[in-house]
Amino acid sequence: MSSTTTAQETKWWNGGRSPFNVEYGKLMMWYFLMSDAFTFGAFLISYGTIRFSQNFWPDPNVVFNAFPGAGHTNLPLAFVSVMTFILIMSSVTMVLAVHEGHRGNRAGVMKWMAWTILGGIAFLLCQAWEWHHLITGEHAVLADGKIELIGQTMGGNPWGHLAGTSDVTNALKNSSPEILAKMIHDHHHDLAIADLMKKPKEELIGMINLAETHIREKGPIAFGGYFFGITGFHGFHVFSGVIINIVMLIMASKGVFDRKGHYLMIEKAGLYWHFVDLVWVFVFLCFYLV
Amino acid sequence: MEHQTMSEVTFHHHVPGQENVKRIWKTFWLLLVITIIELGMGFSIYFIHKNPDYSHGLVLGIKGAIVILSLAKAFYIVSIFMHLGDEIRNMIMTIAVPLLLFIWFIAAFLWDGNSYKNLRNKYDKHFEERTLEKKDAGGH
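Keep in mind that this is a model prediction, so the values were computed, not measured.

### Considerations on the sheet that holds strand β3 (residues 216-217) of chain A
Residue and element names in this part refer to chain A. Strand order in the open sheet formed by 3 strands is β2-β1-β3, and the pairing between neighbours is mixed. Each end of this open sheet is capped by a strand with a single partner; those strands are β2 (146-150) and β3. Bridge analysis of strand β1 (residues 139-143) against β3 gives 2 bridges, and the strand direction is parallel. If you follow Leu142 over to β3, its bridge partner there is Glu217. With respect to the sheet, helix α6 (residues 165-174) is in contact with β1 and β2, its orientation differing from that of β2 by roughly 80°.

### Regarding the domain arrangement of chain B
As assigned here, chain B comprises domain 1 (1-87) and domain 2 (100-133). Taking only C-alpha atoms into account, the centre of domain 1 of chain B sits 31 Å from that of domain 2 of chain B.

### Looking at the confidence of the model for chain B
All names here are of chain B. Per-residue confidence for chain B averages 87 on the pLDDT scale, and 88% of its residues sit at or above 70. Taken together, the stretch residues 1-5 has pLDDT below 50 and engages in 9 contacts with residues farther than four places along the chain or on a different chain. Overall fold confidence for the complex sits at a pTM of 0.89, while the interface term, ipTM, reaches 0.87.

### What about α6(A)?
All names here are of chain A. Of the residues making up α6, those classed as buried are Val168, Ala171 and Leu172. With its buried residues spanning 105° around the axis, α6 presents them on a single face. More than 90 degrees from the buried face of α6, the exposed residues found are Ser166, Thr169 and Asn174. Packed against the buried residues of α6 are β1, β2, α7 (177-187), α9 (201-207) and α10 (210-213).

So, how was this worked out
- Residues numbered from 1 in each chain as written.
- Chains lettered and ligands numbered in written order.
- Predicted model: local features only at pLDDT ≥ 70, side-chain atom pairs only at ≥ 80, totals over all residues.
- Pairing = 2+ DSSP bridges.
- Helix = DSSP H or I, 4+ residues; strand = E, 2+ residues; numbered from the N terminus.
- Contact = placed C-beta atoms within 7 Å.
- Axes fitted to C-alpha atoms, helices over the stretch in contact; angles between N-to-C directions.
- Domains from an automatic or database assignment.
- pLDDT = per-residue confidence, 0-100.
- Buried ≥ 20, exposed ≤ 12 C-beta atoms within 10 Å, placed from the backbone.
- Arc of directions from axis to C-beta.

Right under this line is the structure:
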């Protein structure tokens, strides 16, 4: 590269030019991202502190085992693999858009920006499904000597220890027929809840197969808040990234960057988008893998 | 693009060609393979946990390896996709050096959490009894 010789002759710190040889806006984008890394870092580290202060923490393979359309099939980490793949893929299309920008190819930039936007929207839809499933999917838990049906919310979650067999047997006797009927219906969809509730309680208890229900205690309360807080903050970054990318696509299509003579704006939007992917690497690590 | 660009930029990186596209796809495959290995390792913990007397050291080792692989992914995203590796060294340092704070940040706060757990287990027997595994669990 001939540019290296130029670099040595340049008086970088004399003013009037960037000592780092980058445009001001791009440098400031880097510093913004560095500060944002500390924000995400602080969230994840406080999650780590709480997790280290507990004797028990839920196993992600137990929490994240559902896949759209697969019902109760146990598929640990399958759906989040899809989400991760979508985000890596959209990072590639983004860097290809930046590449076409360097060459001044407007059609290429628009094509790859459109794919990046689609990837971002797909990721957000996946996250919406995941949240909906966690919040509304009710699981039987043992609490205060009886069975309750709860989903994962900020106030509690069903991901505690496996409950002791003798405790569960006692708890079934203390639980309402409605809850028992729902538990049976969950595994036998052909039996209607209303019909089940007409049966005597002893018969209902006999119909519950303890080998397949895996009743747990309530998990650490902090788990829900941290999960929704941090993945939500990341999801909001993805959302704002999609909006920025849509604006960039519209500006490119109107020829704004051709008139400016450069596609540096695409580069800056690209930095933000890659940062969102970078954060996902660590969210994925802290919540789904370890 | 040889047109007038920012006056603050003294020289331009040469216009990237086909070899840049090749590098992008190479990085993509690398990230994909690392992610699949990570998922495999995370998944293996699920099976190790099924054995009641599993080795805690083994699980910790696997988790440590996943953390290192994640750091490798982060390096490739920042260096290749965000082109930080192509910038001037001084600029890289103004971003990388402040991030060293994370070493203290992570160590201190995980240590703190762990110490709180030990103190609670020592002085709050109710907490310990309530949060440790039940003896007859897993039988169903």
